[in-house]
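These are the residues of each chain, in order.
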Amino acid sequence: MAENLDLLAFVRARLAEEEDIAREAGGDGWRTPAEAPGEVHDRTSGIAFVVRSRGYDRHIAFQDPARSLRRIETTRVLLDEYEEISALDTDRPAQDFASGRAVGLGFVVRQMAAEYAGHPDYRVRWLPRFSHWGPPSQE
């Protein structure tokens with residue numbers, strides 16, 4: 001299904017943008033030393049930046065470039081798995097394992113895409129869909 005491939009391309013493009021940002025930030029792990037509140041240090045123990053607002057320093061350090069790069073790689077593995085079976089992710093899926101897997105992975109990929117709903121290339125039709133999974137109706 002071409003629409004699912006467009007969805008995959010959209011999420012992959014956003015991940016590539018995030019990867020560029022993380023690499024531009026040095027790709028390093030950051031930390032907040034207990035003896036220097038508000039400071040975020042890079043791998044060389046140099047001060048990457050200072051944030052004097054309570055709690056921001058730890059949050060920012062937790063979202064360091066190295067962690068972002070790891071998350072991007074694990075997300076790409078999931079996207080690759082979905083790409084293999086994305087054609088089976090339809091509004092009326094077959095009732096077999098492969099189709100169920102496609103619908104489940106498709107739901108996850110749509111949730112990922114929804115994270116970027118404010119992006120101009122996002123399409124509302126990519127919102128997660130809920131399909132009835134059970135015996136076929138007798139209509």
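Everything that follows concerns the structure shown earlier in this document.
First, a word on scope: everything that follows refers to the structure included in this document. Keep in mind it's a predicted model, so treat the numbers as computed, not measured. (Residues numbered from 1 in each chain as written. Predicted model: local features only at pLDDT ≥ 70, side-chain atom pairs only at ≥ 80, totals over all residues. Heavy atoms only, no water.)

### Details of the overall build of the protein chain
Stage number 1. When its secondary structure is counted, the protein chain shows four helices and two strands.
Stage number 2. Seen in sequence order, the protein chain has helices and strands lined up from the N terminus as α-β-β-α-α-α.
Stage number 3. Whereas a compact globule of 139 residues would reach a radius of gyration of roughly 14 Å, the protein chain reaches 20 Å, over 25% beyond that.
Stage number 4. The C-alpha extent of the protein chain, read off along each of the three principal axes, is 70 × 30 × 25 Å.
Stage number 5. Counting the 139 residues in the protein chain, one finds 35% classified as buried. (Helix = DSSP H or I, 4+ residues; strand = E, 2+ residues; numbered from the N terminus. Rg over C-alpha atoms; globule rule 2.2 N^0.38 Å. Buried < 20%, exposed > 50% of the residue type's maximum accessible area, 1.4 Å probe, protein only.)

### Description of the packing of helix α1 (residues 2-24) against helix α4 (residues 97-114)
Stage number 1. Direction vectors running N to C along α1 and α4 enclose 45 degrees, while the axes themselves pass 10 Å from each other. Judged by the angle between their axes, α1 and α4 are oblique. Here α1 and α4 pass one another in a crossing that is left-handed. Residues N4, L7, F10 and V11 of α1 form the contact with α4, whose participating residues are V109, R110, M112 and A113. (Axes fitted to C-alpha atoms, helices over the stretch in contact; angles between N-to-C directions. Parallel < 35°, antiparallel > 145°, perpendicular 65-115°, else oblique. Left-handed = near helix turned anticlockwise from the far one by under 90°. Contact = heavy atoms within 4.5 Å.)

### Section: α1
Working note: α-helix, 3.6 residues per turn, so residues spaced by three or four point in the same direction.
Stage number 1. With 23 residues, α1 extends 33 Å from end C-alpha to end C-alpha; this agrees with the ideal 33 Å at 1.5 Å per step.
Stage number 2. Inspection of α1 places N4, L7, L8, F10, V11, R14, L15, E18, E19 and A22 among the buried residues, and these make up the whole buried set.
Stage number 3. Contacts made by the buried residues of α1 are with α3 (65-85) and α4.
Stage number 4. Downstream of α1 by one or two residues, G26 has phi in the positive range, about 105 degrees. (Expected span 1.5 Å × (residues − 1).)

### So, unusual backbone geometry
Stage number 1. The backbone of S45 sits at a positive phi, close to 70 degrees, despite the residue not being glycine.
Stage number 2. In this structure, S45 sits in the loop between β1 (39-41) and β2 (47-50).

### Here's the deal with the packing of aromatic side chains
The geometry of an aromatic ring pair comes down to the distance between the two centres and the angle between the two planes.
Stage number 1. Tallied over the full model, the rule gives five aromatic pairs.
Stage number 2. An angle of 80 degrees between the planes, with centres 5.2 Å apart, marks the rings of W30 and F49 as edge-to-face. Taken as a pair, W30 in the loop between α1 and β1 and F49 in strand β2 lie far apart in primary sequence, 19 residues in all.
Stage number 3. Classification of F49 as partly exposed rests on a relative accessible area of 26%.
Stage number 4. For the ring pair Y122 and W126, a centre distance of 5.8 Å and an interplane angle of 80 degrees mean the geometry is edge-to-face. An identical accessibility class is assigned to Y122 and W126; each is buried.
Stage number 5. A connected cluster of aromatic rings, assembled from ring pairs, spans F10, Y116, Y122 and W126.
Stage number 6. Lying over the aromatic face of F10, R14 brings its terminal NZ or CZ to 4.7 Å of the ring centre. (Phe/Tyr/Trp six-rings, centres within 6.5 Å; stacked < 30°, edge-to-face > 60°. Lys NZ or Arg CZ within 6 Å of the ring centre and 35° of its normal.)

None of the figures reported here should be taken as evidence of function without further support.
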